[in-house]
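Below are the chains, spelled out letter by letter.
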Amino acid sequence: MPPLLGSRHNRACPEPAAAGEGSHHNTGLEPGESEIPVTVSWTSELRQAFAALRAGAPARVSFAARDDRVGDVGREFNRLADALARCGPGGLTREQAHSLRNRLAGVLAVLHVLRVTGEVTTEEEETLAHALADAKELDAQLRAG
Amino acid sequence: MPKPKILVVDDEKLVRESLQEYFEHQGYPVVSAENAAEAARLMADEQPQAVLLDVRLPDRTGIELLADWKDAGVPGAVILMTADPKLDDVKAAIKLGAYDFVSKPLDFDELSVTLHNAFEATTLRREVRTLRDEVRKRMDYHEVVGVSAAMRQLMDFVLKVARSEARTILITGESGTGKDLVGKVIHFESSRADKSFVALNCSAIPETLLETELFGHEKGAFTDAKAMKQGLFEVADQGTLLLDEISEMSPFLQAKLLRVLEDQTFRRVGGVRDLKVDVRVIAATNRDLERAMAEKHFREDLYYRLSVITLHLPPLRDHKDDVLPLAEFFLRHYSQEFRKPMDGLAEELRRVLLNYDWPGNVRELKNAIERAMILEEGRVLTPDYLPIRVIAPASGPVAAAAAAGETWRTVGDGRRIPVWDIPAGGTSLEQVERMLVEQALKQARGNQSEAARLLDISRDALRYKMKKFRLEEVR
């Protein structure tokens, strides 16, 4: 399992994001972070973003701008990524871990609903399964602090 | 059947709304709350059968809310959810009766299975409670044991003992006096009423089986022990174990029983680990244990352990003022059970019942009334169908008639019954009845109406008896 917090927090802990997604506009990307091609589906984007978080890299998703349940997933994911980025090096406090896992719980809760309500295509479903696996790994890392 | 209602309590909007949508999609009616105050209101208004309850809420903790619900006796399964599982919270939740404790992020599929199991468990619990209430209602023990002043006094003492902390109780009394019933009363009137009541007759099974029955065995403890088996002491943990005919227990098992009574610990057969249980043991016997002790058949230390609280049930002949109230009670009971409306007991029946000594005690009286109820055609129970030994006890009027050389005696409305002495080796009531039916059919040359008239029963009753005795072909 890659060291989530050690590598990511070699850089300075970012300031808390402004309310909502306003500071990231439609792309939801921080300046200087890698651009994700617009043709990539939201599930692929989410999968890559989870993989990045797991590896301790910063990540944001652009579909946070959507005005639907997929957008809910994106916004909650970006809040999670922001919160992770704000955490200092040297491991998480119990309170931080609790707060981060609650955010992750929100992301995964909406994903579960999207899957059962048939709002995910078969192709997206496959990618989503990988994203969920990454999310579980991320949760295990958060639990370990 | 409609699906049970779920209450979702979580301050995280996405989690709350997703859970609501997910379970609504599965067909459950769902209500949700974002704080404890709202949850308490919904619990009262909506009475959900299950609650998905977040541990950390803005106004109170889920554990506090659960404690309130437990105090109020709110039914339904509560599953606690948390992103920060702490052992203390888990312990507190389980102690307060939570069904499960799940960790966030939630796996909705797993949660769905947990919820399904929770509903099944709550349904089963409710059914068990209903059945227990039913058993309690059906016992009507105040009437079954007796209503005389002496028996009421005894029952008051029984209730006092039931509500005490006594771990061992000894019930003595002749066979049929209701020792098992008093054992049940003690259980159902105690704080253990919601736990198991297990009864075992120690004379009914061989010693080796009795040991494994009581204490269980480990897998491989003996040739046939293919799997571990729990003993009745484990099954009755926190409840009551009634050991009937305790005097029939072997000295070896008496010693083992004494250890459980003293330490509340035992080992399964073939086991090496001590198991701790909390069981109230009620021992019952119709034997004189002091005598058995003097004859070295019963351990002295076990006797003194068991006899700390002793309840003696007197034989029915010593409280005859209970005979008629008991007979009336059984009449009502069987009238209901057989769906046969009855107006009461005939005067002559009352006299017969009071004239008999009832060596088989309340059980014999109960069986006699049941038999008479089955056979009686009228709405008033007469002595006609009581067992012969009750109608004609050795010192009764029939015996007196026989002694005077009479072979027939006139009863009730002028009909006559034969005066018989029952041989010392006994007779068969069924065969006597069969013989009478056969004789009546022969005498009536197969005319069923005439045969029924001879026996003073209805044609339907005659046909029933012909079928029962396979006499359809008799002409």
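Relevant structure appears above.
Draft legend 1. Geometry of the overall build of chain B. The helix and strand tally for chain B stands at 21 helices and 18 strands. Each of the 475 residues in chain B was classed as buried or not, and the buried ones make up 32%. At a minimum sequence separation of 6, the contacts of chain B that also span at least 24 residues come to 66%.

Draft legend 2. Summary view of the environment of G446 of chain B. Looking at where G446 of chain B falls in the secondary structure, it is placed in the loop between α19 (429-443) and α20 (448-455). With 26 residues separating them in the primary sequence, G446 of chain B and E472 of chain B have C-alpha atoms 9.2 Å apart.

Draft legend 3. Examining the sheet that holds strand β4 (residues 77-82) of chain B more closely. Residue and element names in this part refer to chain B. Spatial ordering of the open sheet is given by β2-β1-β3-β4-β5, a layout of 5 strands whose pairing is parallel. Two strands lie at the open edges of the sheet, namely β2 (30-33) and β5 (100-103), each paired on one side alone. Strand-to-strand, the axes of this sheet are offset by a mean angle of 20 degrees, without reference to chain direction. Direction of pairing for β4 relative to β5: parallel, over a ladder of 4 bridges. Following the sheet pairing, I79 is matched in β5 by D100. Contacting β1 (6-9), β3 (50-54) and β4, helix α3 (residues 62-71) runs over the sheet at an angle of about 150 degrees to β3.

Draft legend 4. Representation of the interface of chain B and chain A within the structure. In this complex, chain B contributes 14 residues to the contact, which on the side of chain A involves 17 residues. Partitioning the side of chain B that touches chain A into residue classes produces 8 nonpolar, 2 polar and 4 charged.

Draft legend 5. How the structure looks around unusual backbone geometry. Residue and element names in this part refer to chain B. Look at the link from K104 to P105: it is a cis peptide, with omega at 0 degrees. Of note, the phi angle at K296 is positive, near 65 degrees, even though the residue is not glycine. Here K296 is to be found in the loop between α12 (289-294) and α13 (300-306). Assessed through the 9 C-beta atoms surrounding it within 10 Å, K296 is described here as exposed.

Draft legend 6. Molecular detail of the nonpolar core. Within the largest apolar cluster, 71 residues are counted, with the highest numbers of intra-cluster contacts made by V107 and A109 of chain A together with V9 and L53 of chain B. Here this core takes 11 residues from helix α4 (residues 94-116) of chain A, the largest share from any one element. If you look at the next biggest cluster of nonpolar residues, it comprises 36 residues, including I169, A236, V279 and A284 of chain B.

Draft legend 7. Structural detail: the packing of helix α14 (residues 323-337) of chain B against helix α15 (residues 347-355) of chain B. Residue and element names in this part refer to chain B. The interhelical angle for the contact between α14 and α15, taken along N-to-C directions, is 125 degrees, at an axis separation of 10 Å. When the axes of α14 and α15 are compared, the pair comes out oblique. Judged by the twist between their axes, the crossing of α14 over α15 is right-handed. Here V323, L324 and A327 of α14 come into contact with α15, specifically with R350, L353 and L354. Looking at the contact of α14 with α15 residue by residue, the classes come out as 5 nonpolar, no polar and 1 charged.

Draft legend 8. Structural context of the sheet that holds strand β6 (residues 168-173) of chain B. Residues and elements named next belong to chain B. Judged by pairing direction, the sheet is parallel, and its 5 strands sit side by side in the order β7-β10-β13-β6-β14 without closing on themselves. Whereas interior strands pair on both sides, the edge strands pair on one side only; in this sheet they are β7 (197-201) and β14 (310-313). The mean angle between the axes of side-by-side strands here comes to 15 degrees, regardless of whether they run parallel or antiparallel. The sheet contact formed by β6 and strand β13 (residues 280-285) spans 5 bridges and is parallel. When the bridges of β13 are listed, I169 appears paired with I282.

Draft legend 9. How the structure looks around the pairing of β2 of chain B. Residues and elements named next belong to chain B. Bridge count for β1 against β2 is 4 bridges, and the pairing is parallel. Directly across from L7, in β2, lies its bridge partner V31. Following the chain from β1 across helix α1 (residues 13-25) to the adjacent parallel β2, one finds a crossover that is right-handed.

Draft legend 10. Focus on the pairing of β13 of chain B. Residue and element names in this part refer to chain B. Counting buried residues in β13 gives 6 out of 6 residues, a clear majority hidden from the surface. Of the two faces of β13, the one holding R280, I282 and A284 and the one holding V281, A283 and T285 are both buried throughout. Relative to β13, strand β10 (residues 240-244) runs parallel, the two sharing 5 bridges. Opposite L242, over in β13, you have I282 as the bridge partner.

Basis of the calculations
Residues numbered from 1 in each chain as written. Chains lettered and ligands numbered in written order. Predicted model: local features only at pLDDT ≥ 70, side-chain atom pairs only at ≥ 80, totals over all residues. Helix = DSSP H or I, 4+ residues; strand = E, 2+ residues; numbered from the N terminus. Buried ≥ 20, exposed ≤ 12 C-beta atoms within 10 Å, placed from the backbone. Contact = placed C-beta atoms within 7 Å. Pairing = 2+ DSSP bridges. Axes fitted to C-alpha atoms, helices over the stretch in contact; angles between N-to-C directions. Nonpolar A, V, L, I, M, F, W, Y, C, P; charged D, E, K, R; others polar. Core = buried A, V, L, I, M, F, W, Y, C linked by C-beta atoms within 7 Å. Parallel < 35°, antiparallel > 145°, perpendicular 65-115°, else oblique. Left-handed = near helix turned anticlockwise from the far one by under 90°. Right-handed = clockwise from strand over helix to strand, strands pointing away.

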